[in-house]
Amino acid sequence: MSGQTRVQTRVLVAGKNGQLARSLRFLAGTAPDLELRFFARQDLDITDEPACRALVGRHRPDVVFNLAAYTDVDAAEQHPQEAEAVNTAGAGNLARAAAAHEAPIVHVSTDYVFDGRKPSAYHETDDAKPVNRYGASKLAGERQVEQANPNHLVARTAWLYSPFGRNFVSRLLSTAATGRSCGMVADQIGNPTSALDLAEALLVIARRLAGRDRDMPCGLYHLASPEPMSRFDWARMIVGLSAGMSGPTCPIEAAVTGDFPTPAARPLRTALNSGRFHEAFGFDFPPAQKSMSDVLRLLLRQRKGMS
């Protein structure tokens, strides 16, 4: 190397303890060109704008990832101000702090900005009309980011799952281990997306945005698995793959959303089309079954280690 020091791209990550940030940490060893710095809420409270400015100013990142979010959809109905503080005002605070130091920001949003009435997959140009307070807070956060920082990328994703924390897959495995049947709605359609795959996409984005070229691909993108399915079909895929790996399995029974009343309304069809992201970044999400298998192997290994 003739004494030369390789310069890494510094990436500041808010939301250290979420499953997406944990997936990024899991993959960090595959990205020696990126220096990922993770911050939990006690270190970086995005609802505190002066604190955001101070921390970004101290670390001088090349790129900022906002992975911090209030994600409890039902609780947001009872506590809308808490959801808005993080998902709306907090997103704007971090975007302004990044802009003050000329750093691009990547903000992760959700398919729940849509009302679910479109029979085909949503594109970035479709009107966003959320049906619950969580979706409304996330949509308002997107707009805050767009207004606060010209160098932004808003990434809408859907139905995240991973080997980390509590999510749809880990909860289903716990139920399957009891041997009881499990009812799953067959009328909610979306894109089950591995947080490990989304983390890979974020690494690609970081490298591209750090280049600061004139053709920086900013704006709004959908980043989700290419295969939409119902929660019923997703659950059947999970227990089928689990059985093939000698993991827990159980009968899956079809239900409808009305069978499970919740405080927050759920949009029924929020399939996302990620074609624009592929065109701009050349990134393709793996087939759904491969992604699901990869996560299941890790989850089943964890369960075996705890037994």
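Refer to the structure presented above.
Only a predicted model underlies this, so the values are computations on that prediction, with no experimental measurement involved.

The rules behind the values
Residues numbered from 1 in each chain as written. Predicted model: local features only at pLDDT ≥ 70, side-chain atom pairs only at ≥ 80, totals over all residues. Heavy atoms only, no water. Helix = DSSP H or I, 4+ residues; strand = E, 2+ residues; numbered from the N terminus. Rg over C-alpha atoms; globule rule 2.2 N^0.38 Å. Buried < 20%, exposed > 50% of the residue type's maximum accessible area, 1.4 Å probe, protein only. Areas by Shrake-Rupley, 256 points an atom, 1.4 Å probe, with all protein chains shown as cover. Lys, Arg positive; Asp, Glu negative; His and termini not counted. Charge placed at Lys NZ, Arg CZ, Asp CG, Glu CD. Axes fitted to C-alpha atoms, helices over the stretch in contact; angles between N-to-C directions. Parallel < 35°, antiparallel > 145°, perpendicular 65-115°, else oblique. Left-handed = near helix turned anticlockwise from the far one by under 90°. Contact = heavy atoms within 4.5 Å. Nonpolar A, V, L, I, M, F, W, Y, C, P; charged D, E, K, R; others polar. Pairing = 2+ DSSP bridges. Polar contact = N/O pair within 3.5 Å; in protein donor to acceptor, adjacent residues only side chain to side chain. Salt bridge = Lys/Arg side-chain N within 4 Å of Asp/Glu carboxyl O.

Chemist: It is not clear to me how the overall build of the protein chain should be interpreted in this structure. Could you clarify?
Modeler: From N to C terminus, the protein chain includes 10 helices and 12 strands. Expected size for 307 residues packed as a compact globule is a radius of gyration near 19 Å; at 19 Å, the protein chain falls within 12% of this value. Principal axes of the C-alpha set define a box for the protein chain whose edges measure 55 × 45 × 40 Å. Counting across all 307 residues of the protein chain, residues that qualify as buried make up 53%. Summed over all atoms, the accessible surface of the protein chain reaches about 13900 Å², with 48% contributed by carbon and sulfur. Averaging the positions of the 35 positive and the 32 negative side-chain charges in the protein chain gives two centres separated by 5 Å.

Chemist: What is the right way to read the packing of helix 4 (residues 80-100) against helix 5 (residues 133-148) from this model?
Modeler: Describing two packed helices takes the angle between their axes plus the distance from one axis to the other. The geometry of helix 4 relative to helix 5 is characterised by a closest axis approach of 8 Å and an angle of 15° between their N-to-C directions. What the angle tells us is that helix 4 and helix 5 run roughly parallel. Every pair of crossing elements has a handedness; the one defined by helix 4 and helix 5 is right-handed. Across the interface between the two elements, Pro80, Ala83, Glu84, Asn87, Thr88, Ala91, Gly92, Ala95, Arg96 and Ala99 from helix 4 touch Arg133, Tyr134, Ser137, Lys138, Ala140, Gly141, Gln144, Val145 and Ala148 from helix 5. Its residues assigned to classes, the contact of helix 4 with helix 5 comprises nine nonpolar, six polar and four charged.

Chemist: In this structure, what is going on with the sheet that holds strand 2 (residues 34-39)? I would like to understand it.
Modeler: Note: strands within a sheet are paired through backbone hydrogen bonds, in either parallel or antiparallel orientation. In space, the six strands of this open sheet follow the order 2-1-3-4-5-10, with parallel pairing throughout. Looking along the sheet, the strands with just one partner apiece sit at the ends: strand 2 and strand 10 (219-222). On average, each strand axis in the sheet is tilted by 20° relative to the strand beside it, whichever way the strands run. Of the pairings in the sheet, the one linking strand 1 (residues 9-14) to strand 2 comprises six bridges and is parallel in character. Counterpart to Thr9 in the pairing with strand 2 is Leu34. With respect to the sheet, helix 2 (residues 49-59) is in contact with strand 1 and strand 2, its orientation differing from that of strand 1 by roughly 160°. Strands strand 4 (105-110), strand 5 (152-157) and strand 10 of the sheet are contacted by helix 5, whose axis makes an angle of about 160° with strand 4.

Chemist: Explain the side chain of Thr88 here, please?
Modeler: When you line up the elements, Thr88 lands in helix 4. In terms of polar contacts, Thr88 uses its side chain to reach the backbone carbonyl oxygen of Ser137, at 2.8 Å.

Chemist: How should I be thinking about the pattern of salt bridges in this particular structure?
Modeler: If charged atoms from side chains of opposite charge come close, those side chains can pair. Applying the stated rule across the entire model yields 12 salt bridges. When the shortest N-O distance is used, the salt bridge between Arg297 and Asp294 registers 3.3 Å. Of the two residues, Arg297 and Asp294 are both situated in helix 10 (residues 288-306); the distance of three residues between them amounts to about one turn of the helix. Owing to a relative accessible area of 44%, Arg297 belongs among the partly exposed residues under this scheme.

What is shown is where atoms sit, not what they do.
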